[in-house]
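Listed below, chain by chain, are the residues.
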Amino acid sequence: MFLWVHYADMVIALVQLPVAVVAWWAATGRRDPSRTSVAAFTVLLGTAVLRLAAGVVLLRWGWEFAGPRLVWVVPALLVAATTYLAWRRPGRWSGGAGAVAGAAGTVSVAAMALLAGVGPAAAAGGAIIAASMLGYAYRRLPRRPAPARAGRWRAAVRAAAGVASVAAATVALSTASALPARSSMTGGAVDDGGGTAAGHRHPGGISVTELTGADSGDATVRRFTLTAQEATVRLDSGARVAAWTFDGVTPGPQLVVRHGDLVEVTLVNRLPGVGVTVHWHGVDVPNAMDGVAGVTQDAVAPGASFVYRFRASRAGTYWYHSHEMSSVQVRRGLFGALVVLPRDAPAQQDAVDETVLRHTWGDEDGVATLGLAAGVQRRSVPVGRPVRLRLVNTDGKPATFAVTGAPVRVVAIDGTDVHEPGVLPGARILVGGGARYDVEFTMPDAPVTLRADGPGIVYSPRGDAGPDRAAPEPALLDPARYGARTATPFAADSRFDRRFVLRVDERLGFYDGRPAVRYTLNGASFPDVPMLMVAGGDLVEVTYVNRSGQHHPMHLHGHHMLVLSRDGRATTGSPWWVDTLDVGPGETYRVAFRADNPGLWMDHCHDLEHAANGMILHLGYTGVTSPFLTGSGTPNHPE
Ligand code: C2O
Ligand code: CU
């Protein structure tokens, strides 16, 4: 329903734009009113009423959703169109064309601003249209009848002016969206969330490079090397993919460590001509080890290397991936799983523990695989064995994983154990982009099927069973209601030191000079989204409001967020901790976290295409600075 209203409204807005241009054109023409102008304004009036209705329906999702339409866009359209239709007789005003042009201008500007975003770029475009209309109205003021030839000349000028203003507006929007060649994460605007932001640029600050964490103490050190290199991999269909890999395989080598280990990974770059980094997705590493090009380090150049060191401070399922040109590099294969086992868990020699990474090759509509198999894989598991499946979605779009054939428990979400997970007859889980869900079952004397929106795996005692297509579809897991409540370090009624609201909108416009569908955060795109400023120790609340028609898996680096409520209703199950929260169309989530890991942290949509179109902001701690820069004039393009 939300999607329906949202996109209907958007389509109407798209229709309104050319109609508004026609209205302006006709209303400023020689004959005023003309039949065309009356028709165009009537269409604008009718469609504005439809959009008013859409706004009223959206009240069901809250004022955040309905407000911008009801307060600004629709009234502007209604007033302009009604004024024109009511007062369209020529001569009503002396030089009435000026007022008429003004009415038409309001409509065009309103429609345009809605489409392009109410930012400086839209304002510039609107100003150009408005100025050209005023100029035209002024030229009309002496109302002497013009000879026919002058009339034709005037029409030509008018046409040229119209085309020129549309072209100028387009160029203005496009150039205004160009990204700076070098930008610093600590140089821009900040949002202090109701606290004080002072000091994030003050001289004696600490650099991200110094935030390397405490020393190793007596921890066991686990060393790995990951070499980024090209490789041709084969999918089960026989298709060959020219991939970018860690160590020649994709998914990259699975790194398995124990809770408390000191992990030391040397990244070596053997890719031709491109930089690379490794980001430890979901692990709350010290900031200097976060692997974000241009924020916590420079991208590692071809031939160079970089050593990451961090403590595996929580047991759970994580993954790693490049955070340089991540929308391209992750898609091409630069990712793998990181599994942190509990410190003292008895070695369950015979337990099956399988990490299942779902990945789509090619573009968004490419081939979806588990590992490298797009088809159904078969595994043999003896009856009675405990099985743990670690489900990872490496794509941006959510994927539905379903396990049928055995009673299951969903034991962990984003690397955090679920408290007292109940036994379900089967599980169907919407795993958002970048998120992980761990599922356990005991192997029965019958096949168990895992399906992941296409590819699948069948576990059976002899490994020969096919998928059970007749299995009833399990109910969709609601993590807000699953498991049992238990104490949390803070809760919905805690006193928060900072509160932030991040509103996501969907806009057609330009990003970095290219036409793009932009998903803006509070109306802005990277690097213009104000940084969320916190001080060490703050308790921080963030509300995500998704007013767009797409899912946005919001990923905060370096912290785990406790989900407090969804659409205004408190969560009631096990504490639901996430590092990547899929916020669906029309949804509002309130989350909270403790600012206990100083640094500069990316907070972005893990639909990496969206991130590449600007859906990125940062969380900054007062006093933390970064020497690194992003942009075309630097080696760093984190998105
Ligand atoms: Cu998995 Cu900022 O990334
Ligand atoms: Cu997104």
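Residues numbered from 1 in each chain as written. Chains lettered and ligands numbered in written order. Predicted model: local features only at pLDDT ≥ 70, side-chain atom pairs only at ≥ 80, totals over all residues. Heavy atoms only, no water.

## What about the layout of surface pockets?
Stage number 1. Here the largest pocket defines a volume of roughly 700 Å³.
Stage number 2. Around the largest pocket, the lining is made up of 31 residues, and of these Leu341, Pro342, Asp353, Arg388 and Arg390 lie nearest the centre.
Stage number 3. Mapped by element, the contributors of at least two residues to the lining of the largest pocket are β5 (252-258), β10 (335-341), β11 (352-361), β14 (386-393), β16 (409-413) and β19 (436-442).
Stage number 4. With four residues, β14 is the largest single contributor of residues to the lining of the largest pocket.
Stage number 5. Tallied by class, residues from the lining of the largest pocket come to 17 nonpolar, five polar and nine charged. (1 Å grid on protein atoms, 1.4 Å probe; cavity = no way out; pocket = protein on both sides within 12 Å on 5 of 7 lines; lining within 4 Å. Points joined across faces, edges and corners; volume = space filled by probe spheres on them. Helix = DSSP H or I, 4+ residues; strand = E, 2+ residues; numbered from the N terminus. Nonpolar A, V, L, I, M, F, W, Y, C, P; charged D, E, K, R; others polar.)

## Some thoughts on the sheet that holds strand β30 (residues 580-583)
Stage number 1. Sheet architecture is open: six strands sit in the order β1-β24-β33-β32-β26-β30, paired in mixed fashion. Looking at the sheet topology across the chains shown, the edges are occupied by β1 (190-191) and β30.
Stage number 2. Note that strand β26 (residues 552-556) and β30 share four bridges and pair antiparallel. Residue pairing for β30: methionine 554 is matched across the bridge by leucine 581. (Pairing = 2+ DSSP bridges.)

## Some words on the pairing of strand β3 (residues 221-234)
Stage number 1. Two strands pair when backbone bridges link them, and β3 and strand β6 (residues 262-269) are joined in this way by eight bridges, in the parallel orientation. By the bridge assignment for β6, threonine 225 is matched with threonine 266.
Stage number 2. Note that β3 and strand β4 (residues 240-246) share seven bridges and pair antiparallel. Within β4, the position partnered with glutamate 230 by the bridge is tryptophan 244.

## Some thoughts on the confidence of the model for the protein
Stage number 1. Scored by pLDDT, the protein comes out at a mean of 88, with 87% of its residues at no less than 70.
Stage number 2. This stretch, residues 116-121, has a pLDDT under 50; its non-local contacts, to residues over four places away or in other chains, come to 13 contacts. (pLDDT = per-residue confidence, 0-100. Contact = heavy atoms within 4.5 Å.)

## Things to note about the packing of helix α1 (residues 2-27) against helix α2 (residues 35-58)
Between two packed helices, what matters for the description is the angle formed by their axes and the separation of those axes.
Stage number 1. Orientation of α1 relative to α2, taken along the N-to-C sense of each, is 160°, at an axis distance of 9 Å. Viewed along their axes, α1 and α2 adopt a mutual orientation that is roughly antiparallel. As for how α1 packs across α2, the hand of that crossing is left-handed.
Stage number 2. Of the residues that constitute the contact of α1 with α2, the class distribution is 19 nonpolar, four polar and two charged. (Axes fitted to C-alpha atoms, helices over the stretch in contact; angles between N-to-C directions. Parallel < 35°, antiparallel > 145°, perpendicular 65-115°, else oblique. Left-handed = near helix turned anticlockwise from the far one by under 90°.)

## Examining empty space enclosed by the protein
Empty space among the atoms becomes visible once a probe the size of a water molecule is rolled across them.
Stage number 1. Under the defined criterion, the tally for this structure stands at five cavities of 30 Å³ or more.
Stage number 2. Of the volumes computed, that of the largest cavity is approximately 90 Å³.
Stage number 3. Residue lining of the largest cavity: Ser327, Val330, Arg331, His359, Thr394, Asp395, Gly396, His606, Asp607, Leu608 and Glu609, and that is the complete set.
Stage number 4. The residue makeup of the lining of the largest cavity, split by class, is two nonpolar, five polar and four charged.
Stage number 5. When the residues that make up the lining of the second largest cavity are grouped by side-chain class, the tally is seven nonpolar, two polar and one charged.

## Side note on the pattern of salt bridges
Stage number 1. According to the stated counting rule, one finds 26 salt bridges in the structure shown.
Stage number 2. Between aspartate 438 and arginine 388 there is a salt bridge, with the nearest N and O atoms lying 2.9 Å from each other. Of this pair, aspartate 438 sits in strand β19 while arginine 388 sits in strand β14, and the two are 50 residues apart along the sequence. Each member of the pair aspartate 438 and arginine 388 is classed as buried.
Stage number 3. Residue glutamate 440 is joined to arginine 409 by a salt bridge in which the shortest nitrogen-to-oxygen separation is 3.1 Å. Residue glutamate 440 is found in strand β19, and its partner arginine 409 is found in strand β16; the two are separated by 31 residues along the sequence. (Salt bridge = Lys/Arg side-chain N within 4 Å of Asp/Glu carboxyl O. Buried < 20%, exposed > 50% of the residue type's maximum accessible area, 1.4 Å probe, protein only.)

## Things to note about α2
Stage number 1. Between the first and last C-alpha of α2 there are 35 Å, a value that for 24 residues agrees with the 34 Å anticipated at 1.5 Å per step.
Stage number 2. The set of residues buried in α2 consists of Ser37, Ala40, Phe41, Leu44, Thr47, Ala48, Arg51, Ala54, Gly55 and Leu58. (Expected span 1.5 Å × (residues − 1).)

## Quick notes on the coordination of the copper ion (ligand 2)
Stage number 1. Taken together, the protein ligands of the copper ion (ligand 2) are His552 (ND1), Cys605 (SG) and His610 (ND1), with distances of 2.0 to 2.1 Å.
Stage number 2. Spacing between the donor residues of the copper ion (ligand 2) along their common chain follows H-x52-C-x4-H. (Donors = N, O, S within 2.8 Å, 3.2 Å for Na, K, Ca; no water.)

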